[in-house]
Amino acid sequence: MTTTAPKAGKPRRTQGGGGAMGSTGLYVATGMAAVLFLIPFYILVRNALSTDPEITGENWKFFPTDIQWDNITQPFHDATVDFGQSMVNSLIVAVLHTAGTLLVCSLAGYGLARIPYRHANKVFYGVLFTLMVPTAVTFVPSFVLVSSLGWVDSYRGLIVPGLFTGFTCFLFRQYFLGFPKELEEAARVDGLGHWGAYWRVVVPNSLNFFAAIATITFISGWNSFLWPLVIGQDPSAWTVQVALSSYMTNQTVNYHLIFMATTISILPLLFVFLFLQRWLVQGIAQTGIKG
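Engineer: Before we move on, can you summarise the overall build of the chain with the specific residues and values?
Structural biologist: Counting its secondary structure elements, the chain contains 14 helices and zero strands. Secondary structure elements of the chain, listed N to C terminal, follow the sequence α-α-α-α-α-α-α-α-α-α-α-α-α-α. Residue burial in the chain is summarised as follows: out of 291 residues, 35% are buried. Long-range pairs, those at least 24 residues apart, make up 74% of the contacts in the chain between residues at least 6 apart in sequence.

Here's what the structure looks like:
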């Protein structure tokens, strides 16, 4: 009895329509999300280059009839608010706050993750407990402490109380728990201690994560309002967010000045975010937090 080999079937054609439709739907959804995201920026810029009657008028126009380019310089020539100084203050506070937070919280997270200590878990639980305490509870004691130290209307009062945050320390600890121990063991073979291993091995190999935390911290420090409002009592110590609030009073509201000053104030944030956005995603993905 002879057997015949089975005939080779014709190759089945793959249906690529579903994949194409899926990609098209993804692009459409992404485009719609981008448009929705950009609408507030469009309104901000449009109103910043308009007159007050055009901003508050009933007939909305996509572009102002006569673009007011002179509005760009008005915040810097306003006699009531030193907007330029407030921008400088915000930049100094945000940069020093970011650098200090990275140093303090990374050292704390590294110590909790790598340095053997009998009460390390208790300290870590104490750090987690601070996340459950509302900010309003610690606001008044923090102000009393800063005031007793004479740090009102100073950069120290604006920066130092916020250098340590439990959440940032938690993120650093989670990241360092997943950091390769082999690199640190090699550093100790070369005679480095915990500080040497941290500074010369861990930090250079964790720049993506540090950049991600720096981006978040810088944005938070730049946008901070309530604490600078209380500490910066003198106009020379105002940050940009406090200066923006001064344009709205019980008597007058200068709409185009508010919109223009706000547009100028977000430019540093856009620059930082666009420059560090790829590290932001990579760094958060490396925290070691798993569901």
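What follows continues from the structure just given.
Engineer: Report on the packing of helix α4 (residues 83-114) against helix α11 (residues 207-223), specifying residues and quantitative values.
Structural biologist: Contact geometry for α4 and α11: axes closest at 8 Å, N-to-C directions at 140°. Relative to α11, the element α4 lies oblique. Crossing angle aside, the handedness with which α4 passes α11 is right-handed. Contacts between α4 and α11 involve M87, S90, L91, A94, V95, H97, T98, T101, L102 and S106 on the former and, on the latter, F210, I213, A214, T217, F218, G221 and W222.

Engineer: Outline helix α5 (residues 120-130), listing residues and values.
Structural biologist: Along an α-helix, residues three or four positions apart point the same way, because every turn accommodates 3.6 residues. Of all the positions in α5, only A120, F124 and V127 are classed as buried. Viewed along the axis of α5, the buried residues span an arc of 55°, placing them on a single side of the element. In α5, the exposed positions that point more than 90 degrees away from the buried face belong to K122, Y125 and F129. Among the structural elements, α4 and α8 (166-177) are those in contact with the buried residues of α5.

Engineer: Got a sec to walk through a nonpolar patch on the surface? Specific residues and values, please.
Structural biologist: Nonpolar side chains collect at one region of the surface, where L103, V104, L107, F164, W195 and W199 lie side by side and expose about 580 Å² of accessible area between them. Contributing elements (two or more residues each) for the nonpolar patch: α4 and α10 (194-202). Looking at the nonpolar patch element by element, the count peaks at three residues for α4. Among the structural elements, W199 can be located in helix α10. Given the relative accessible area of 48%, W199 is considered partly exposed.

Engineer: Now, about the packing of aromatic side chains: what can you tell me, with residues and values included?
Structural biologist: Evaluated as defined, the whole model comprises 20 aromatic pairs. On the basis of an interplanar angle of 25° and a centroid distance of 5.9 Å, the ring pair of F172 and F176 is categorised as stacked. You can see F172 and its partner F176 sitting in helix α8, four residues apart, about one turn around the helix. Site record: aromatic cluster; members linked through ring pairs are Y110, F172, Y175, F176, F179, W195, Y198, W199, F209 and F210. Directly above the aromatic system of F124 lies the positively charged group of R173, at a separation of 3.7 Å from the ring centroid.

Engineer: Which residues make up the environment of A186, and what values do they have?
Structural biologist: Structurally, the position occupied by A186 is in helix α9 (residues 181-189). What makes A186 partly exposed here is its relative accessible area of 41%. Residues A186 and V201 lie 15 residues apart in sequence; the distance between their C-alpha atoms is 9.5 Å.

Engineer: Describe the environment of L96, naming the residues involved and giving the relevant values.
Structural biologist: The residue L96 is located in helix α4 in this model. Expressed as a C-alpha distance, the spacing of L96 and L163, which sit 67 residues apart in the sequence, is 9.2 Å. Setting aside chain neighbours within four positions, we find L96 in contact with I159 and L163.

Engineer: Provide a residue-level description of the side chain of E184, including the pertinent values.
Structural biologist: Considering the arrangement of structural elements, one finds E184 in helix α9. In this structure the side chain of E184 is engaged in a polar contact, spanning 2.6 Å, whose partner is the side chain of Y110. Residues contacting E184, with those up to four places away along its chain left out, are Y110, R114, F179 and V202.

Engineer: An account of the packing of α8 against α11 is requested, with residue identities and associated values reported.
Structural biologist: Remark: α8 packs on α11, axes separated minimally by 12 Å, with the N-to-C direction vectors making an angle of 165°. Relative to α11, the element α8 lies roughly antiparallel. Seen from above, α8 lies across α11 with right-handed handedness. For the pair α8 and α11, the contacting residues are T168, L171, F172, Y175 and F176 in the first and F209, F210 and I213 in the second. When grouped by side-chain class, the residues that make up the contact of α8 with α11 number seven nonpolar, one polar and no charged.

What counts, and where the lines are drawn
- Residues numbered from 1 in each chain as written.
- Predicted model: local features only at pLDDT ≥ 70, side-chain atom pairs only at ≥ 80, totals over all residues.
- Heavy atoms only, no water.
- Helix = DSSP H or I, 4+ residues; strand = E, 2+ residues; numbered from the N terminus.
- Buried < 20%, exposed > 50% of the residue type's maximum accessible area, 1.4 Å probe, protein only.
- Contact = heavy atoms within 4.5 Å.
- Axes fitted to C-alpha atoms, helices over the stretch in contact; angles between N-to-C directions.
- Parallel < 35°, antiparallel > 145°, perpendicular 65-115°, else oblique.
- Left-handed = near helix turned anticlockwise from the far one by under 90°.
- Arc of directions from axis to C-beta.
- Patch = residues over 30% accessible without salt bridge, like charges linked within 9 Å, V, L, I, M, F, W, Y side chains within 5 Å.
- Areas by Shrake-Rupley, 256 points an atom, 1.4 Å probe, with all protein chains shown as cover.
- Salt bridge = Lys/Arg side-chain N within 4 Å of Asp/Glu carboxyl O.
- Phe/Tyr/Trp six-rings, centres within 6.5 Å; stacked < 30°, edge-to-face > 60°.
- Lys NZ or Arg CZ within 6 Å of the ring centre and 35° of its normal.
- Polar contact = N/O pair within 3.5 Å; in protein donor to acceptor, adjacent residues only side chain to side chain.
- Nonpolar A, V, L, I, M, F, W, Y, C, P; charged D, E, K, R; others polar.

By themselves, these are just geometric observations and shouldn't be taken as functional.
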